[in-house]
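Listed below, chain by chain, are the residues.
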Amino acid sequence: MRRLPRYHYVLEDNIGLVERLGSMGGDISVVMSARVSTYGDEDGMGTPEKNQKLIGFLMRNGHGTPFEHVVFQFRVKAPIFVAREWFRHRIGSFNEQSGRYMEYKPEFYFPSKKRIQDPDNRQSAIDSHVDIGPGSIFHDASADAYRAYQELLEKGFAREQARIVLPVNLYTSFWWTVNARSLMNFLELRNHPTAMSEIRAYAQAIEEEFMSVMPWTHAAWLDAGRKAP
Ligand SMILES: Cc1cc2nc3c(=O)[nH]c(=O)nc-3n(C[C@H](O)[C@H](O)[C@H](O)COP(=O)(O)OP(=O)(O)OC[C@H]3O[C@@H](n4cnc5c(N)ncnc54)[C@H](O)[C@@H]3O)c2cc1C
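Values in this document were obtained by computation on a predicted structure and should not be read as measured data.

Rules of the game
- Residues numbered from 1 in each chain as written.
- Predicted model: local features only at pLDDT ≥ 70, side-chain atom pairs only at ≥ 80, totals over all residues.
- Heavy atoms only, no water.
- Helix = DSSP H or I, 4+ residues; strand = E, 2+ residues; numbered from the N terminus.
- Buried < 20%, exposed > 50% of the residue type's maximum accessible area, 1.4 Å probe, protein only.
- Contact = heavy atoms within 4.5 Å.
- Areas by Shrake-Rupley, 256 points an atom, 1.4 Å probe, with all protein chains shown as cover.
- Lys, Arg positive; Asp, Glu negative; His and termini not counted.
- Charge placed at Lys NZ, Arg CZ, Asp CG, Glu CD.
- Near = heavy atom within 4 Å.
- Polar contact = N/O pair within 3.5 Å; in protein donor to acceptor, adjacent residues only side chain to side chain.
- Nonpolar A, V, L, I, M, F, W, Y, C, P; charged D, E, K, R; others polar.
- Salt bridge = Lys/Arg side-chain N within 4 Å of Asp/Glu carboxyl O.
- 1 Å grid on protein atoms, 1.4 Å probe; cavity = no way out; pocket = protein on both sides within 12 Å on 5 of 7 lines; lining within 4 Å.
- Points joined across faces, edges and corners; volume = space filled by probe spheres on them.
- Phe/Tyr/Trp six-rings, centres within 6.5 Å; stacked < 30°, edge-to-face > 60°.
- Core = buried A, V, L, I, M, F, W, Y, C linked by side-chain atoms within 4.5 Å.
- Pairing = 2+ DSSP bridges.
- Axes fitted to C-alpha atoms, helices over the stretch in contact; angles between N-to-C directions.

Asks: Looking at this structure, how should I read the overall build of the protein?
Replies: What the protein contains, in helices and strands, is eight helices and seven strands. C-alpha atoms of the protein, sized along the principal axes, occupy 70 × 40 × 30 Å. In the protein, which comprises 229 residues, the share counted as buried stands at 40%. A fraction of 70% describes how many contacts in the protein between residues 6 or more apart in sequence connect residues 24 or more apart. Summing over all exposed atoms, the protein offers an accessible surface of approximately 13,200 Å²; the carbon and sulfur share of this is 51%. Treating the 28 positive side-chain charges of the protein as one cloud and the 28 negative ones as another, the clouds have centres 3 Å apart.

Shown next as structure tokens:
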């Protein structure tokens, strides 16, 4: 598969990735779409300083719609359990590979370190420094499941039926097209210490791309405490 320079391997296995396929607009689109309120069809372009200040004002005061005029398009390869969390973000468009149309490759995500349940927070975990090597229950369970999948296919079961034995650490691929406002909401929630570490790794790659396309908006969002407008 041809890769653009704007891609990031995300998890340690060099399978999971985020690739920015393209984007439309940038900081100036935010400024110009906001200024249509006061300039109509006249050119509302100000100085760089004024433009940057305006972005800060919009961000701080919850004027979110100008940020919706900038759109990002990503290709993502992620374990199904990460994709499931990602797909909860309804403001955006997704298309995912289909296990009905194509056979899954034996590509599974394996964590490298054990995490233990946080006794004070039911939704979070604490890192330990215990390695999870090859031959762990994770590896064995995935290998068993993939063997069962292949056996079902060999016995003539349809792909849509055979796939139901596969676990959620299997990799899937999808496209995500999202506007900058919704992207900031995604980053607020998913590049956050309380997010699951795997989706957070993806969110960090998304944030790098966001920062490179919209440096003023990114800076204003940081100043606003990483709160989406
Ligand atoms: C740490 C963490 C733990 C979570 N745990 C759980 C869990 O246990 N169970 C679970 O089911 N989910 C859980 N979620 C998912 C969470 O509830 C959201 O579904 C997900 O984060 C998407 O956020 P969102 O709705 O803001 O994003 P989007 O769906 O992209 O929506 C963006 C914004 O649009 C607006 N919006 C979108 N749809 C509507 C609507 N129908 N009505 C009104 N406003 C709308 C809201 O302002 C929303 O913030 C968790 C998320 C996080 C980050």
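Asks: Is there a simple way to think about the site of the ligand in this case?
Replies: Looking at the ligand, the residues that line it are Arg88, His89, Arg90, Ile91, Gln123, Ser182, Asn185, Leu189, Arg190 and Thr194. The backbone of Ile91 places a nitrogen or oxygen atom 3.1 Å from an oxygen atom of the ligand. In this structure, an oxygen atom belonging to the ligand sits 2.9 Å away from a side-chain N or O atom of Asn185. Protein chains shield 47% of the accessible area of the ligand, which is 940 Å² for the free molecule. Across the shell around the ligand, the residue classes tally to two nonpolar, five polar and three charged.

Asks: Mind showing me how you'd approach the pattern of salt bridges here?
Replies: Any two side chains of opposite charge can pair, so long as their charged atoms come close to each other. Summed over the entire model, instances satisfying the criterion amount to 12 salt bridges. The shortest N-O distance in the salt bridge between Glu198 and Arg115 comes to 3.0 Å. Note that Glu198 is positioned in helix H7 (residues 197-213) and Arg115 in strand S5 (residues 113-117), a separation of 83 residues in sequence.

Asks: Sorry if this is basic, but what is going on with the layout of surface pockets here?
Replies: The gaps of empty space that remain are located by a probe, the size of a water molecule, rolled over the atoms. Looking at the largest pocket, its volume works out to about 620 Å³. Taken together, 27 residues line the largest pocket, and the ones lying closest to its centre are Arg115, Ala195, Met196, Ser197 and Glu198. Among the elements of the structure, S5, strand S6 (125-131), helix H6 (180-190) and H7 are those that each provide at least two residues to the lining of the largest pocket. By residue class, the composition of the lining of the largest pocket is 10 nonpolar, nine polar and eight charged.

Asks: Explain the side chain of Asn191 here, please?
Replies: Along the chain, Asn191 turns up in the loop between H6 and H7. Overall, Asn191 belongs to the buried group, its relative accessible area being 9%. Within the local environment of Asn191, its side chain forms a polar contact with the side chain of Glu207, the two groups lying 2.8 Å apart. If we skip the residues at most four places from it in the chain, Asn191 touches Phe186, Arg200, Ala203, Gln204, Glu207 and Arg226.

Asks: Can you walk me through the packing of aromatic side chains in this structure?
Replies: Any two aromatic rings considered together are summarised by their centre-to-centre distance and by the angle between their planes. For the structure shown, the criterion picks out 19 aromatic pairs. Ring centres 5.9 Å apart and planes at 50 degrees place the aromatic pair Phe81 and Tyr109 in the tilted group. Highlighted residues: Phe81 in helix H3 (residues 80-86) and Tyr109 in the loop between strand S4 (93-96) and S5, separated in sequence by 28 residues. Summarising the burial analysis for this pair, Phe81 and Tyr109 share the class buried. Measuring from ring centre to ring centre gives 4.8 Å for Phe87 and Phe94, while their planes differ by 65 degrees; the resulting arrangement is edge-to-face. Its relative accessible area of 29% is what places Phe87 among the partly exposed residues.

Asks: What should I look at first to understand the nonpolar core in this one?
Replies: General note: in soluble globular proteins, nonpolar side chains tend to be found buried as a group. Ranked by size, the top nonpolar core spans 41 residues in total, and within it Phe72, Phe74, Trp86, Tyr202 and Ile206 carry the most contacts. Of all the elements in the fold, those that place two or more residues in this core are helix H1 (27-39), helix H2 (48-60), strand S3 (71-79), H3, strand S7 (171-179), H6, H7 and helix H8 (215-223). Ranked by residue count, the leading element in this core is H7, at seven residues. If we skip the residues at most four places from it in the chain, Trp86 touches Val18, Val76, Phe94, Phe174, Trp176, Phe186, Ile199, Tyr202 and Ile206.

Asks: So what exactly am I meant to see when it comes to the sheet that holds strand S1 (residues 7-9) here?
Replies: Two pairing modes exist for strands in a sheet, parallel and antiparallel, and in both the strands are linked by backbone hydrogen bonds. Taken in spatial order, the five strands make up an open sheet running S1-S2-S3-S7-S4, and their pairing is antiparallel. Two strands bound the open sheet, and with one partner strand each, they are S1 and S4. Looking at each pair of strands side by side, their axes are set apart by 15 degrees on average, direction ignored. Seen against the sheet, H6 touches S3 and S7 and runs at an angle of roughly 125 degrees to S7. Seen against the sheet, H7 touches S1, strand S2 (17-24), S3 and S7 and runs at an angle of roughly 160 degrees to S3.

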